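Reading the structure
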Amino acid sequence: MKLSGLDSAFLALESETWPMHVICLTVVDASDTEGRVDFPAFAETLAARLPRLPLLSRKLVHSPWGLSRPHWVPDPDFDFRNHLHRATVPAPGGRRELALLAAEIYRNRLDRDRPLWEWWVVDGLENNRIAHLWKVHHACIDGRAGASMQEVFFDADPHGAVSREVVPLPMPDEEDPLPEGLARYGELAKSVAGMPVRLAGQLGTTVQGAVSAAMTGRLAQAMPLNMPRTRFNGQVGKERSYGFCTVSLSDVKTVKNTFGVKVNDVVLAIVGGAIREQLDNFGETPDKQLVGTVPVDATKGGTRSSGNLITGMLVGLSTDVVDPAERLLCVHENALASKAVQGALGNDMLANLADTPPPALMSLGGDVFRGVNAASLLPPVCNAVISNVPGPRAALYSQGQKVEAFHSMGIVADGFGLFVGGMSYDDQIDIGVLADKEMLPDPFALADSIVEQLNMLLKAAHEFAGTSVEPAVEPAFAPAGEPAAETPAPDIPHGDPTDLADLVDPVDPVDSAELPEPSAHRAAAGETAASVLGGVVAAVGDVAAAPGVPFVPAQKTAAQKSTAQKTAAQKSAAPHPRRKAAEGTAKAAATPRPRRKPASAAAPATGA
């Protein structure tokens, strides 16, 4: 099976400082076994599930001189036990220790002589939790495919009584087998000779898409120029920092319904607000709004277990707007503009661009980009990559033990030094923060700020609805204060990922048989927001540092649940904020918008 151009691009652009794999960090409540792992039983379960995911038993065959895209072929020597490892988190086993271990596992590139994945089972966590880290190359899956795989690896029934037929999930086109003999060189000649034709066709498609995008009247809002350069737009090294948090999906939906926006708008607003707060703390507040790149699923329904079918769009995060709720409405307007432009450009533009050059040329381009430090010389493309994918809608279980969270680790590279990825699971959104270590030494400060940004929006939503309630969101893991500098990272050898002798135990043998009219950039959004938010005061709460890091997701109290029900019941009686905004446009026009002060007049930074 031949890789797509986009899949192949992830391989061609990979380097020691640009590893192109992703990790899903899964936290499981193992209280019933006091945090112990039945490793042989898990290995047997994993072996029984792998036949549903054929790509995980295939390896790469590269074309001569990299002039054609590689192929996936069955690995005759595949043994899943070579991909399965164990590790123990150092004491006290809190969230920072787990994140340090995850960052160390992340740094090693996958062995290209084997199927491109690893699975780590981690114990030693506080409160009898265990963790699974599934590390897989981005050439194999995108976010949507990875989320769908969780329902293969884990059970919907805590008793494991669900019958699972060994039926492989849909794979990409299998009608492109690896050519043999002289046919391989014929494929090379065809690939090289066809490049000018592909390039000409793609240029024509790109021009047509650009004209269509300009005709939407929203191009300037969807693709803001002169975006600020931040610490995250430089050249990355090999070291990564990682943190994570969990927010309530019900609370996100309360904010969404109150202000008439989308779930993704809320996610973008809270992440953008958190990034702005961190830059404030660094004394690096930009005058202009930050811009995020948002990966978008390019498919239309269906189930996938492999491959990349994605595109991306730029969304202004309106971080130059002080009030969090006003900022949310501005983000919503920006996202609508971006969706209109993305629809005009077409969802297959990124994939088509990746199909044009051969892997060798793309790899050379990556080497030159890194070698001349082009990220520091060229204007920034965005300030952060922000992803949010739908995950399992109900609770899942591993060996009868409840899965509590799925946290993601994506990709960072030169010019893209910060990744924030969310995945919905049951009634929560689990968020991972991955960055170059020098750019963001304490990722948990950003993760905790994301939680507090949602608390502020939730409070604004309740005040607008006429209810009074404390924010219902708490960090999924209690803040741990300052970084645990005294706790060293686990000693994982840096080299062949199979030589992890200090942490890997031997594996026992297992028998594995809606768009509005165009408007000026953010001006109309600001007028709308001002009328909506008249009299609403956003409360900023400090995150209290706590020494412990219990692995216990926060639960809503009965009073909070009752308040949520009361808010929903009042929605039909209360005026919708966007309708109320239309009625108060004249008043809003006379209301000055608070904006971020210039960096030179900014208040002194405070601690995270």
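Owing to the predicted nature of the structure, the values given are computational and were not obtained by experimental measurement. The residue numbers shown here count from 1 along each chain, following its written sequence. Reporting of local features is limited, given that this is a predicted model, to residues whose pLDDT is at least 70; pairs of side-chain atoms are given and counted only at 80 or more, and all residues count toward the totals for whole chains, interfaces and linings. Excluding hydrogens and water, the side-chain values take into account all heavy atoms of the structure.

**Observations concerning the environment of D155**
Put simply, the rule is: Where helices and strands are cited, they refer to DSSP runs of H or I of at least four residues and of E of at least two residues respectively, numbered from the N terminus. For every residue, the accessible area obtained with a 1.4 Å probe (protein chains only) is divided by the maximum for its type, and the residue is called buried under 20%, exposed over 50%, and partly exposed between those limits. As used in this structure description, the phrase polar contact means that two N or O atoms lie within 3.5 Å; if the pair is within protein, one of them must be able to donate a hydrogen and the other to accept it, and residues adjacent in sequence are counted only when both atoms belong to side chains.
When you line up the elements, D155 lands in the loop between α4 (143-153) and α5 (182-215). Look at D155 and you get buried, because its relative accessible area is 7%. Spatially, the C-alpha atom of D155 lies 8.0 Å from that of G400, the residues being 245 residues apart in sequence. Here the side chain of D155 touches R49 through a polar contact of 2.8 Å, side chain to side chain.

**Section: helix α2 (residues 39-49)**
We count it as follows: As used here, the arc is the angular range of directions from the helix axis to the C-beta atoms.
Within the sequence span of α2, burial applies to F39, F42, A43, L46, A47 and R49. All buried residues of α2 lie within an arc of 160° about the axis, which places them on one face of the element.

**Some thoughts on the sheet that holds strand β8 (residues 291-297)**
Heads up, the condition is: Any two strands with at least two DSSP bridges between them are considered paired. Here an axis means a line fitted to C-alpha atoms, over the contact stretch when the element is a helix, while the angle between two N-to-C directions is reported on a 0 to 180 degree scale. Residues are treated as being in contact if the distance between any of their heavy atoms lies within 4.5 Å.
One open sheet accounts for 6 strands, arranged β7-β14-β13-β10-β8-β9; its pairing is mixed. Both edges of this open sheet fall to β7 (240-248) and β9 (310-316), since each of them pairs with a single strand only. Strand-to-strand twist in this sheet, taken as the mean axis angle between neighbours without regard to direction, amounts to 20°. Pairing analysis gives 9 bridges linking β7 to strand β14 (residues 428-436), with the strands arranged antiparallel. Looking at the pairing, S241 lines up with A435 of β14. Strand contacts of helix α3 (residues 95-107): β7 and β14, with the helix running at about 130° to β7, the strand carrying the most contacts. Running at roughly 70° to β7, helix α7 (residues 249-259) makes contact with β7 and β14 of the sheet.

**Some details on the packing of helix α8 (residues 263-281) against helix α13 (residues 443-464)**
Our working definition: Between 65 and 115 degrees an angle is taken as roughly perpendicular, under 35 as roughly parallel, over 145 as roughly antiparallel, and anywhere else as oblique. Crossing handedness is read from the near helix: turned anticlockwise from the far helix by less than a right angle, it gives a left-handed crossing, and turned clockwise, a right-handed one. Think of it as three bins: nonpolar holds Ala, Val, Leu, Ile, Met, Phe, Trp, Tyr, Cys and Pro, charged holds Asp, Glu, Lys and Arg, and polar takes everything else, Gly as well.
Viewed as axis vectors pointing N to C, α8 and α13 meet at an angle of 125°, and their least axial separation amounts to 8 Å. In terms of orientation, α8 and α13 fall into the oblique class. For α8 against α13, the interelement crossing comes out right-handed. Across the interface between the two elements, V266, I270, V271, G273, A274, I275, E277 and Q278 of α8 pack against A445, L446, S449, I450, Q453, L454 and L457 of α13. Looking at side-chain class alone, the contact of α8 with α13 contains 10 nonpolar, 4 polar and 1 charged residues.

**Notes on the sheet that holds strand β1 (residues 21-29)**
Pairing is mixed in the open sheet, where 6 strands are placed in the order β4-β5-β6-β1-β12-β11. Each edge of the open sheet carries a strand with a single partner, namely β4 (84-88) and β11 (397-398). Pairing between β11 and strand β12 (residues 401-409): 2 bridges, direction antiparallel. When the sheet's bridge partners are listed, Y397 is paired in β12 with K402. Contacts between α2 and the sheet are confined to β4, β5 (117-123), β6 (129-137) and β11, with β4 contributing the most and set at about 145° to the helix.

**Description of the packing of aromatic side chains**
For any pair of aromatic rings, the description rests on two quantities: the centre-to-centre distance and the angle between the ring planes. For clarity, the threshold we go by: Two rings from Phe, Tyr or Trp (for Trp, the six-membered ring) form a pair when their centres are within 6.5 Å of each other. A pair whose planes differ by under 30 degrees is stacked, one over 60 is edge-to-face, and the rest are tilted. Put simply, a charge is over a ring when the Lys NZ or the Arg CZ is close to the ring centre, within 6 Å, and near the line of the ring normal, within 35 degrees.
Counting across every chain of the model gives 11 aromatic pairs. When the centroid spacing of 5.6 Å and the interplanar angle of 40° are considered together, the rings of F42 and W119 count as tilted. Here F42 is found in helix α2, whereas its partner W119 is found in strand β5, with 77 residues between them in sequence. Residue classification places F42 among the buried residues on the basis of a relative accessible area of 5%. On the basis of relative accessible area, W119 is assigned to the buried category, the value being 2%. Every member of this aromatic cluster is reached through a ring pair, and the members are F42, W119, W134, F153, F154, F406 and Y425. Seen from the ring of F282, R231 lies directly overhead, with NZ or CZ sitting 3.6 Å from the centre.

**Focus: the pattern of salt bridges**
Which entries qualify depends on this criterion: Any Lys or Arg side-chain nitrogen located within 4 Å of an Asp or Glu carboxyl oxygen qualifies as a salt bridge.
One pass over the full model with this rule turns up 18 salt bridges. The residue R109 makes a salt bridge to E14 at a minimum N-O spacing of 3.7 Å. Separated by 95 residues along the polypeptide, R109 in the loop between α3 and β5 and E14 in the loop between α1 (5-12) and β1 bring together distant segments of the chain. Of the residues examined, E14 reaches a relative accessible area of 8% and is grouped as buried. Here E16 ties to K238 by a salt bridge, and the two come within 3.3 Å at their closest N and O atoms. Here E16 is found in the loop between α1 and β1, whereas its partner K238 is found in the loop between α6 (219-222) and β7, with 222 residues between them in sequence.

**Section: unusual backbone geometry**
A cis amide bond, omega 5°, links A91 with the succeeding residue P92. In this structure, P92 sits in the loop between β4 and α3. Of note, N128 is a non-glycine position whose phi angle comes to about 60°, a positive value. Judged by its relative accessible area of 31%, N128 is partly exposed.

**Considerations on the nonpolar core**
Within soluble globular proteins, side chains that are nonpolar tend to cluster in buried spots. Formally: Remark: nonpolar core denotes a set of buried residues (Ala, Val, Leu, Ile, Met, Phe, Trp, Tyr, Cys) joined through side-chain atoms within 4.5 Å.
Counting residues in each nonpolar core, the largest one holds 124 residues, and the members touching the most others are W119, F153 and L418. Per element, the largest residue contribution to this core is 10 residues, and it comes from α13. Contacts of F153, omitting those with residues within four sequence positions, involve L46, R49, L50, L53, L56, W119 and W134.

**So, a nonpolar patch on the surface**
To keep things clear, this is the line we draw: Distance thresholds for patches are 9 Å for like charges and 5 Å for nonpolar side chains (Val, Leu, Ile, Met, Phe, Trp, Tyr), applied to residues having over 30% relative accessible area and no salt bridge. Accessible areas in this description were obtained via Shrake-Rupley with a 1.4 Å probe; residue shielding takes into account the shown protein chains only.
A cluster of nonpolar side chains, L361, L364, V368, V372, L377 and L378, forms an exposed patch at the surface whose accessible area comes to about 570 Å². Relative to the assigned elements, L364 resides in helix α11 (residues 359-371).

**Observations regarding helix α9 (residues 324-345)**
Note the threshold: Expected span of a helix, by definition, is 1.5 Å for each gap between consecutive residues, and there is one gap fewer than residues.
Its 22 residues give α9 an end-to-end C-alpha distance of 31 Å, which sits within 8% of 32 Å, the value for a rise of 1.5 Å per residue. N-cap assignment for α9: the residue whose side-chain oxygen lies 3.0 Å from the backbone N of A325 is D323. G346 sits one or two positions beyond α9 and adopts a positive phi of about 100°.

**Some points on the confidence of the model for the protein**
Basically, it comes down to this: Values of pLDDT, ranging from 0 to 100, describe the predictor's confidence in every residue of the model.
The pLDDT averaged across the protein works out to 77; a share of 65% of its residues lies at or above 70. In the predicted structure, residues 471-477 sits below a pLDDT of 50 and forms 30 contacts with residues beyond four places in sequence or in another chain. Ignoring residues within four places in sequence, the model shows residues 480-487, a span with pLDDT below 50, making 15 contacts including any to other chains.

**Details of the pairing of β8**
With 7 bridges connecting them, β8 and β9 associate as antiparallel partners. Residue V291 lies in a different strand from β9, and its bridge partner there is G316.

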